[in-house]
Amino acid sequence: MGGRVLIVGGSEEYTGALYLAGVSALRAGAESVIVMCPEKVAWALNSLSPDLITRKLHGKFLSLAHKTAIMRQLKTADVLLLGNGASTRPATAALMRALCKWPGPKVIDADALKALRDNGASNAILTPNAGEWILLKKNNDIKKLLSQNVVIIKKGMPTEILSSAKTFRQRRTNRGLEKAGTGDVLAGL
């Protein structure tokens, strides 16, 4: 399978989300996973897994001040995963919106979904849970998003996969998928 994954997210409150996403990407066959996150979060990740490469960003949370370093690192990545555990602080949301506009392939999850506005994503897989789905519909035109090479995996009972061509409903979904952390695993996969 291979491929180089760059994950951008994390905050002091949500270190585990990055760990779950990163390890899932590795177990799914990623060649390498680099996680860019606030420095204290990165140190915690280093203690959890020697397989996750971290790039320590200054400060307690992500902001637009980190965009240049992230864009530089994106030149080495095949896919971007963003939003896991990032938080919804205004400065972090602004960074998430800016990264959603990166033209390369990406998975947009969690707090990046909450920040997404005005159909500002293309070439992406979006993975909203029920609450994120409500915000996604409120702040975006779903048909327009789907026309921009976007696929949406709407987690829940039933799980739905939406594309510009069709919608698939998986009616027999395991209730365990509603537990905290399973979305991070899915995003990493």
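Notes on the structure in this doc start here. (Residues numbered from 1 in each chain as written. Predicted model: local features only at pLDDT ≥ 70, side-chain atom pairs only at ≥ 80, totals over all residues. Heavy atoms only, no water.)

1. A short note on the overall build of the protein
Here comes step 1: Per the secondary structure count, the protein includes 8 helices and 9 strands.
Here comes step 2: Scaling as 2.2 N^0.38, a compact globule of 189 residues should have a C-alpha radius of gyration of about 16 Å, and the protein matches this with 15 Å.
Here comes step 3: With the principal axes as the frame, the protein shows a C-alpha extent of 40 × 30 × 30 Å.
Here comes step 4: Here the protein holds 189 residues, and the buried ones make up 50% of them.
Here comes step 5: For the protein, the exposed surface amounts to about 9400 Å²; the carbon and sulfur share of it is 55%.
Here comes step 6: Taken as two groups, the 27 positive and 14 negative side-chain charges of the protein have centres that lie 4 Å from each other. (Helix = DSSP H or I, 4+ residues; strand = E, 2+ residues; numbered from the N terminus. Rg over C-alpha atoms; globule rule 2.2 N^0.38 Å. Buried < 20%, exposed > 50% of the residue type's maximum accessible area, 1.4 Å probe, protein only. Areas by Shrake-Rupley, 256 points an atom, 1.4 Å probe, with all protein chains shown as cover. Lys, Arg positive; Asp, Glu negative; His and termini not counted. Charge placed at Lys NZ, Arg CZ, Asp CG, Glu CD.)

2. Quick notes on unusual backbone geometry
Here comes step 1: Each neighbour pair has its own omega, and for M157 with P158 the value is 0 degrees, a cis peptide bond.
Here comes step 2: Here P158 lies in the loop between strand 7 (150-154) and strand 8 (159-162).
Here comes step 3: Non-glycine residue N119 carries a positive phi angle of around 55 degrees.
Here comes step 4: Looking at the element boundaries, N119 is found in the loop between helix 5 (110-115) and strand 6 (124-126).
Here comes step 5: In the Ramachandran plot, N123 falls in the positive-phi region, its phi being about 55 degrees despite a non-glycine side chain.
Here comes step 6: Mapping N123 onto the fold places it in the loop between helix 5 and strand 6.

3. As for the pairing of strand 8
Here comes step 1: Where strand 7 lies against strand 8, 3 bridges are found, and the strand directions are antiparallel. Looking at the pairing, I152 lines up with L162 of strand 8.
Here comes step 2: Connecting strand 7 to the next strand, strand 8, in antiparallel fashion are 4 residues, including G156 with a positive phi near 150 degrees.
Here comes step 3: The sheet contact formed by strand 8 and strand 9 (residues 167-170) spans 4 bridges and is antiparallel. (Pairing = 2+ DSSP bridges.)

4. Observations regarding a nonpolar patch on the surface
Here comes step 1: Together, L20, V185 and L189 make up a nonpolar patch on the protein surface, roughly 230 Å² of accessible area in all.
Here comes step 2: Relative to the helices and strands, L189 resides in the segment after helix 8 (182-188). (Patch = residues over 30% accessible without salt bridge, like charges linked within 9 Å, V, L, I, M, F, W, Y side chains within 5 Å. Salt bridge = Lys/Arg side-chain N within 4 Å of Asp/Glu carboxyl O.)

5. Describing the packing of helix 3 (residues 67-74) against helix 4 (residues 90-100)
Here comes step 1: Interaxial distance between helix 3 and helix 4 falls to 11 Å at its minimum, and their mutual angle equals 30 degrees. Our classification of the angle between helix 3 and helix 4 gives roughly parallel. Crossing hand, helix 3 versus helix 4: right-handed. Contacts from K67, I70 and M71 in helix 3 reach L95, A98 and L99 in helix 4.
Here comes step 2: Among the residues making up the contact of helix 3 with helix 4, the classes are represented as 5 nonpolar, no polar and 1 charged. (Axes fitted to C-alpha atoms, helices over the stretch in contact; angles between N-to-C directions. Parallel < 35°, antiparallel > 145°, perpendicular 65-115°, else oblique. Left-handed = near helix turned anticlockwise from the far one by under 90°. Contact = heavy atoms within 4.5 Å. Nonpolar A, V, L, I, M, F, W, Y, C, P; charged D, E, K, R; others polar.)

6. Topic: the packing of aromatic side chains
Here comes step 1: Within the structure shown, the criterion is met by 0 aromatic pairs.
Here comes step 2: Between the NZ or CZ atom of K56 and the centre of the ring of W43, over which it lies, the distance is 4.4 Å. (Phe/Tyr/Trp six-rings, centres within 6.5 Å; stacked < 30°, edge-to-face > 60°. Lys NZ or Arg CZ within 6 Å of the ring centre and 35° of its normal.)

7. A word on the pattern of salt bridges
Here comes step 1: Inspection of the entire model under this criterion finds 6 salt bridges.
Here comes step 2: The residue K154 makes a salt bridge to E160 at a minimum N-O spacing of 3.2 Å.
Here comes step 3: Exposure remark for K154: the relative accessible area of 22% places this residue in the partly exposed category.
Here comes step 4: A salt bridge links R169 to E160, with the nearest nitrogen and oxygen atoms 2.6 Å apart.
Here comes step 5: With a relative accessible area of 11%, E160 lands in the buried category.
Here comes step 6: Three or more residues joined by partner-sharing salt bridges are found here, namely K154, E160 and R169.

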